[in-house]
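Below, each chain spelled out in residue letters.
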Amino acid sequence: MAFDSFVMAFLGMRLDYEMLKDLGISIGILLLFILFRNIFTKYVFQLILKLAGKTPTDFLTKIFLSFERPLGWGFIILGLYVAMDYFPFIEQHNALFLKFLRSMVIVLITWGLFNLSSPTTGILISVNEKINNKIDLILLPFISRTIRVILIAISISVIGQEFDYDVNGLVAGLGLGGLAFALAAKEAVGNLIGGIVIVTEKPFSIGEWILTPSVEGTVEDINFRSTKIRTFSQALVTVPNSTLANEPITNWSRMGKRRITFHLGLNYNTSKDKIERVVLRIEQMLRTHDEIHPDTIMVAFDQYNDSSLDILLYFFTNTTVWAEHVKIKHEINIAIMGILEEEGVEVAFPSRTIYVSPQSSELFQTMGSFD
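Residues numbered from 1 in each chain as written. Predicted model: local features only at pLDDT ≥ 70, side-chain atom pairs only at ≥ 80, totals over all residues. Heavy atoms only, no water.

Caption draft 1: Region of interest: the overall build of the protein chain. Of the regular secondary structure elements, the protein chain holds 13 helices and eight strands. Relative to its 371 residues, the protein chain shows a buried fraction of 30%. Long-range pairs, those at least 24 residues apart, make up 64% of the contacts in the protein chain between residues at least 6 apart in sequence. Accessible surface for the protein chain amounts to roughly 24,200 Å². Of this, 64% is attributable to carbon and sulfur atoms. (Helix = DSSP H or I, 4+ residues; strand = E, 2+ residues; numbered from the N terminus. Buried < 20%, exposed > 50% of the residue type's maximum accessible area, 1.4 Å probe, protein only. Contact = heavy atoms within 4.5 Å. Areas by Shrake-Rupley, 256 points an atom, 1.4 Å probe, with all protein chains shown as cover.)

Structure below.
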């Protein structure tokens with residue numbers, strides 16, 4: 001009896017030792033693969049990036065960068081699979097475990113493709129350049145987000161089928177609840193339709209300067225819900241697409257030329273001959289200026305103002321860039337000042353002349369004598 005107890009205790013200790021040994025080997029294998037992952041990320045992957053950088057295009061580099069983190073986690077999944085051969089509690093060929101591993105591989109592949117389809121990677125821009133810019137830049141964010149939604153939907157569907165989940169039932173359930181969802185998401189649907197209107201009509205594109213009753217600035221991004229506009233004070237304004245689609249939009253970036261118009265007020269003492277010479281010289285100066293559009297140049301004595309003789313100037317600059325436009329306007333104003341100085345003509349300023357009749361003058365003198 002005592003011998004039997006000793007044998008059972010010995011076998012139990014033997015069994016515990018084997019389990020602990022297998023558990024230690026399993027953990028060691030997993031740690032080894034984590035080490036491989038760090039070595040791969042720090043050295044091998046950098047070498048791959050250098051080799052990819054020597055290719056004529058940066059397409060391979062963008063692909064590797066998109067899959068950098070998924071590849072790192074791939075080492076851990078591979079380590080889990082190998083370590084499970086020694087793990088004493090779960091078999092390597094356990095059905096649930098294999099489904100879990102396959103699902104993780106699907107997630108990693110989706111992760112890499114998700115990164116690759118990002119607008120910031122430039123893959124879509126490169127493709128657009130290859131097809132000679134047949135896709136407007138405003139479509140690229142929409143295409144990127146659409147691809148991402150499709151990738152996630154496919155990934156969820158495949159993982160669901162991997163665990164024997166009836167995906168068709170889920171889709172049918174969504175169909176039955178579609179009406180309630182549409183009613184609850186009325187504003188979101190309105191923004192989506194507004195985004196589609198903006199994309200199809202293309203009143204602006206990414207990087208263009210627009211003006212609306214809501215905001216003025218440069219378009220940075222457009223998505224399913226809203227459009228992001230960077231103002232000139234560097235504030236980022238997010239405008240719902242439904243609002244933007246129903247507003248008048250002025251696209252300053254698509255101007256062929258930029259207007260300058262103002263009145264130049266001359267002193268009322270200016271003679272007719274000097275006015276004619278000033279008008280003629282200003283018009284000649286504008287027509288010979290390289291940055292002034294030659295088609296529409298108007299310089300004329302326009303009106304008699306309260307305290308000035310007004311000359312109308314109406315012309316356009318070739319450039320539509322605001323900073324260049326302001327610089328040209330500065331040059332024109334300096335040139336006009338020079339013409340006025342050479343002709344001896346003064347710019348008028350608001351003034352009022354009071355005429356006193358002789359009777360009033362005598363009255364003032366009489367009142368002064370009383371003092």
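So much for the structure itself; the text now carries on.
Caption draft 2: View of the pattern of salt bridges. Under the definition given, this model contains seven salt bridges. With its nearest N and O atoms 2.9 Å apart, the salt bridge here joins E220 to R230. Here R230 lies in strand β3 (residues 226–230) and E220 lies in strand β2 (residues 216–222), a separation of ten residues in the sequence. For E220, a relative accessible area of 37% gives the class partly exposed. One salt bridge in this structure joins E343 and R281, with 3.1 Å as the shortest N-O distance. Separated by 62 residues along the polypeptide, E343 in helix α12 (residues 322–343) and R281 in helix α11 (residues 272–287) bring together distant segments of the chain. A residue is classified by how much of its surface remains accessible, and E343, at 13% relative accessible area, is buried. Since its relative accessible area comes to 28%, R281 is described here as partly exposed. Within this structure, R277, R281, E342 and E343 form a network of salt bridges that share partners. (Salt bridge = Lys/Arg side-chain N within 4 Å of Asp/Glu carboxyl O.)

Caption draft 3: Region of the structure containing the side chain of S155. Its place among the elements puts S155 in helix α6 (residues 139–162). Under the relative-accessibility criterion, S155 is labelled buried at 8%. In contact with S155, other than residues within four places in its own chain, are I106 and T110.

Caption draft 4: Here's a closer look at the packing of aromatic side chains. Under the criterion given, the structure shown has seven aromatic pairs. Ring geometry for W209 and F232: centres 5.3 Å apart, planes at 85°, overall edge-to-face. Of this pair, W209 sits in strand β1 (residues 209–211) while F232 sits in the loop between β3 and β4 (236–240), placing them 23 residues apart in sequence. By relative accessible area, W209 is classed as buried at 11%. Among the residues examined, F232 registers a relative accessible area of 52% and is labelled exposed. Aromatic side chains F301 and Y304 sit 5.2 Å apart centroid to centroid with 70° between the ring planes, which places their arrangement in the edge-to-face category. On the accessibility criterion, Y304 (61% relative accessible area) is exposed. Among the aromatic side chains, those forming a connected cluster through ring pairs are W209, F232, W252 and W322. (Phe/Tyr/Trp six-rings, centres within 6.5 Å; stacked < 30°, edge-to-face > 60°.)

Caption draft 5: Seen up close, the packing of α11 against α12. Two elements in contact, α11 and α12, have axes separated by 10 Å at closest approach and are oriented at 150°. When you trace α11 past α12, the crossing you get is right-handed. Side by side, α11 and α12 meet where K274, R277, V278, R281, I282, M285 and L286 of the first sit next to I332, A335, I336, I339, L340, E342 and E343 of the second. Broken down by class, the residue content of the contact of α11 with α12 amounts to nine nonpolar, no polar and five charged. (Axes fitted to C-alpha atoms, helices over the stretch in contact; angles between N-to-C directions. Left-handed = near helix turned anticlockwise from the far one by under 90°. Nonpolar A, V, L, I, M, F, W, Y, C, P; charged D, E, K, R; others polar.)

Caption draft 6: Fine view of a nonpolar patch on the surface. A contiguous nonpolar surface patch, about 540 Å² in accessible area, is contributed by L32, L35, F36, I39, Y43 and V44. What makes I39 partly exposed here is its relative accessible area of 37%. (Patch = residues over 30% accessible without salt bridge, like charges linked within 9 Å, V, L, I, M, F, W, Y side chains within 5 Å.)

Caption draft 7: Highlighting the sheet that holds strand β7 (residues 298–304). The three strands are arranged β6-β8-β7 in an open sheet whose pairing can be described as antiparallel. With one partner strand each, in any of the chains shown, β6 (258–266) and β7 form the two edges of the open sheet. Across the sheet, the axes of successive neighbouring strands diverge by a mean angle of 25°, strand direction being ignored. Relative to strand β8 (residues 309–317), β7 runs antiparallel, the two being bridged by six bridges. Of the residues in β8, the one forming a bridge with Y304 is L309. Taken strand by strand, α11 contacts β6, β7 and β8, and its axis lies near 145° from that of β7. In the packing of α12 onto the sheet, the strands contacted are β6 and β8, and the crossing angle to β6 comes to about 25°. (Pairing = 2+ DSSP bridges.)

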